[in-house]
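A closer look at the structure
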Amino acid sequence: METHIKEQDNRVVDVKNLFISFRTFKGYTKVLNGVNLHVRRKEKIAIVGETGCGKTTTVYAIAQILAKQARVDGGEIFFKGRDSLRMNEKELKQLRASGISVIFQDPIASLNPVFTIGDQMAEVIRYSGIEGARDPRVQRERTVAALRETSLPDPERLMENYPFQLSGGMRQRICIAMSLATPRDLVIADEPTTNLDVTIQDQVLKILRQRVEEKQSALILITHSLGVAREVADRIYVMYAGNMVETAGAEELFRECLHPYSRGLMSCIPKLSGGGIASGIPGHLPSYYAPPPGCRFEPRCPHAMPRCKQAMPPMYEAAPGHCVACYLYERGTSA
Ligand code: SF4
């Protein structure tokens with residue numbers, strides 16, 4: 001299948017107006033509500049937002065690994081210029097084997113407990129389609145190199161180990177090595193440090209960032225921590241209840257975040273200088289069974305106006321490259 005759509009300004013992924021709902025025993029939950037997002041070649045972006053805001057659904061849709069209960073109600077997902085929602089099985093297989101790799105939150109669940117690390121890495125290389133992928137010598141060389149590149153000691157010995165013999169930090173580094181053992185256009189890392197010791201988190205993020213840069217892949221990092229996003233990403237998307245509410249370069253967002261929800265998130269970051277306990281954001285995410293018809297943040301927003309209840313605000317470009325979905329910034333051009 002050919003869509004003949006040119007890659008726009010080097011975009012590896014371009015999600016346009018994506019709506020996704022999930023079938024449940026009580027009906028359909030309207031989770032994604034017109035998501036727009038893109039990532040360019042060699043770019044690192046982060047999607048930030050509280051648990052349940054749709055971050056994982058967005059990236060699972062991009063990787064085409066959504067649960068069976070999910071339904072795409074509208075929108076497009078272009079991968080290197082081609083609409084992946086219209087790919088056939090063979091093309092999807094190829095997309096997952098050599099186009100996109102996903103590093104999951106829980107490394108123990110990502111690794112098969114009954115196979116050695118060497119066997120599992122060889123399997124990934126075998127199906128990647130690279131030259132010599134079926135040759136055991138090539139598989140071994142690539143595995144050793146990938147483990148070494150992620151600063152794992154004694155790769156030859158490590159290949160003989162089973163996942164349960166390794167620490168959480170080592171297992172996550174193996175997942176990174178596995179996802180970058182063969183060339184990938186896009187790496188998706190879904191909260192890769194959540195289950196790790198704080199002292200290991202920093203190390204794992206550093207390795208992830210370095211490896212993605214060396215391989216010149218694009219990266220989408222999912223995190224609920226703005227601090228982690230700032231450390232890794234060039235650009236940040238703030239997500240709330242199925243919508244991207246703000247996007248800007250990482251430094252710009254930290255210098256001046258605009259959306260009331262982003263400001264609330266910022267206020268949750270503990271300050272080293274003290275200044276009291278973070279206030280948090282009062283209220284909680286709306287129900288996805290019957291979300292507010294206008295701005296989904298309206299029930300929690302300290303600046304809500306009558307019109308916010310009526311229609312969802314579009315994205316306004318408040319400054320070059322800094323877009324915000326909020327009527328307070330209407331003077332900006334609609335992005
Ligand atoms: Fe608040 Fe209205 Fe802006 Fe939504 S659109 S964030 S309710 S001011």
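In the block above lies the structure referred to throughout.
Read on for a plain summary of the structure. (Residues numbered from 1 in each chain as written. Predicted model: local features only at pLDDT ≥ 70, side-chain atom pairs only at ≥ 80, totals over all residues. Heavy atoms only, no water.)

A count of helical and extended segments in the protein gives eleven helices and 13 strands. Its C-alpha atoms give the protein a radius of gyration of 21 Å, near enough to 20 Å, the size a compact globule of 335 residues would have. Counting only C-alpha atoms, the protein reaches 65 × 55 × 45 Å along its principal axes. A buried classification covers 50% of the 335 residues belonging to the protein. Taking all contacts inside the protein whose residues are at least 6 apart in sequence as the whole, residues at least 24 apart take part in 64%. Accessible surface for the protein amounts to roughly 16200 Å². Of this, 53% is attributable to carbon and sulfur atoms. (Helix = DSSP H or I, 4+ residues; strand = E, 2+ residues; numbered from the N terminus. Rg over C-alpha atoms; globule rule 2.2 N^0.38 Å. Buried < 20%, exposed > 50% of the residue type's maximum accessible area, 1.4 Å probe, protein only. Contact = heavy atoms within 4.5 Å. Areas by Shrake-Rupley, 256 points an atom, 1.4 Å probe, with all protein chains shown as cover.)

Turning our eyes to something else, we now look at the side chain of serine 179. Along the chain, serine 179 turns up in helix 7 (residues 168-179). On the basis of relative accessibility, which here comes to 4%, the residue serine 179 falls in the buried class. For serine 179, the residues in contact, after removing those within four places along its chain, are Ser101, Ile103, Arg184 and Val187.

Where burial is concerned, most of strand 3 (residues 44-48) is hidden: five out of the five residues are buried. A two-sided burial pattern is seen for strand 3, the buried positions comprising Lys44, Ala46 and Val48 on one face and Ile45 and Ile47 on the other. Where strand 3 lies against strand 8 (residues 218-223), five bridges are found, and the strand directions are parallel. Its bridge partner being in strand 8, isoleucine 47 is matched across the sheet by isoleucine 222. The sheet contact formed by strand 3 and strand 9 (residues 235-240) spans four bridges and is parallel. Of the residues in strand 9, the one forming a bridge with valine 48 is valine 238. (Pairing = 2+ DSSP bridges.)

Axis separation between helix 7 and helix 8 (residues 198-215) bottoms out at 10 Å; the angle between their running directions is 10°. In terms of axis orientation, helix 7 runs roughly parallel to helix 8. Of the residues in helix 8, those touching helix 7 at Gly169, Gln172, Arg173 and Ile176 are Ile200, Gln203, Val204, Ile207 and Leu208. Per-class residue counts for the contact of helix 7 with helix 8 are five nonpolar, three polar and one charged. (Axes fitted to C-alpha atoms, helices over the stretch in contact; angles between N-to-C directions. Parallel < 35°, antiparallel > 145°, perpendicular 65-115°, else oblique. Nonpolar A, V, L, I, M, F, W, Y, C, P; charged D, E, K, R; others polar.)

Here we come to the site of the ligand. The environment of the ligand is formed by His259, Pro260, Cys295, Glu298, Cys301, His303, Ala304, Cys308, Pro313, Cys326, Tyr327 and Leu328. Along the lines of polarity and charge, the residues of the shell around the ligand split into nine nonpolar, two polar and one charged. (Near = heavy atom within 4 Å.)

What follows concerns the pairing of strand 2 (residues 27-40). Of the pairings in the sheet, the one linking strand 1 (residues 11-24) to strand 2 comprises eleven bridges and is antiparallel in character. Looking across to strand 2, one finds that isoleucine 20 is bridged to leucine 32. Linking strand 1 to strand 2, which pair antiparallel, is a turn of two residues.

With that settled, the discussion passes to the environment of glutamate 50. You can see glutamate 50 is positioned in the loop between strand 3 and helix 1 (55-63). Given the relative accessible area of 23%, glutamate 50 is considered partly exposed. Put simply, glutamate 50 and tyrosine 240 are 190 residues apart on the chain and 7.5 Å apart in space, counted from C-alpha to C-alpha. Residues contacting glutamate 50, with those up to four places away along its chain left out, are Lys55, Tyr240, Tyr261, Leu285 and Arg300. In terms of polar contacts, glutamate 50 uses its side chain to reach the side chain of arginine 300, at 3.1 Å. (Polar contact = N/O pair within 3.5 Å; in protein donor to acceptor, adjacent residues only side chain to side chain.)

Of all eight residues making up helix 11 (residues 260-267), six are buried, and the element is well covered by its neighbours. Regarding helix 11, the residues found buried are Pro260, Tyr261, Ser262, Gly264, Leu265 and Met266.

With 14 residues, helix 5 (residues 136-149) ought to run about 20 Å at 1.5 Å a step, and its terminal C-alpha atoms sit 20 Å apart, in line with that. Among all positions in helix 5, only Val138, Gln139, Thr143, Val144, Ala146 and Leu147 are buried. Of the surrounding elements, those touching the buried residues of helix 5 are helix 4 (117-126), helix 6 (155-158) and helix 7. If you check the start of helix 5, you find a side-chain oxygen 2.8 Å away from the backbone N of arginine 137, and it comes from aspartate 135. Backbone geometry just downstream of helix 5 places serine 151 in the positive-phi region, at approximately 60°. (Expected span 1.5 Å × (residues − 1).)

Residue position: histidine 322 is located in strand 12 (residues 322-324). A distance of 2.7 Å separates the side chain of histidine 322 from the side chain of glutamate 252, its partner in a polar contact. Residues contacting histidine 322, with those up to four places away along its chain left out, are Glu246, Thr247, Ala248, Glu252, Leu253, Glu256, Leu258, Tyr316 and Glu317.

Looking now at the pattern of salt bridges. Using the criterion set out here, one finds 22 salt bridges in the structure. With a closest N to O distance of 2.6 Å, glutamate 252 and arginine 255 form a salt bridge. Linking glutamate 252 with arginine 255, this pair stays in helix 10 (residues 250-255), spanning three residues, or about one helical turn. Through salt bridges with shared partners, a single ionic network connects Arg11, Asp14 and Lys16. (Salt bridge = Lys/Arg side-chain N within 4 Å of Asp/Glu carboxyl O.)

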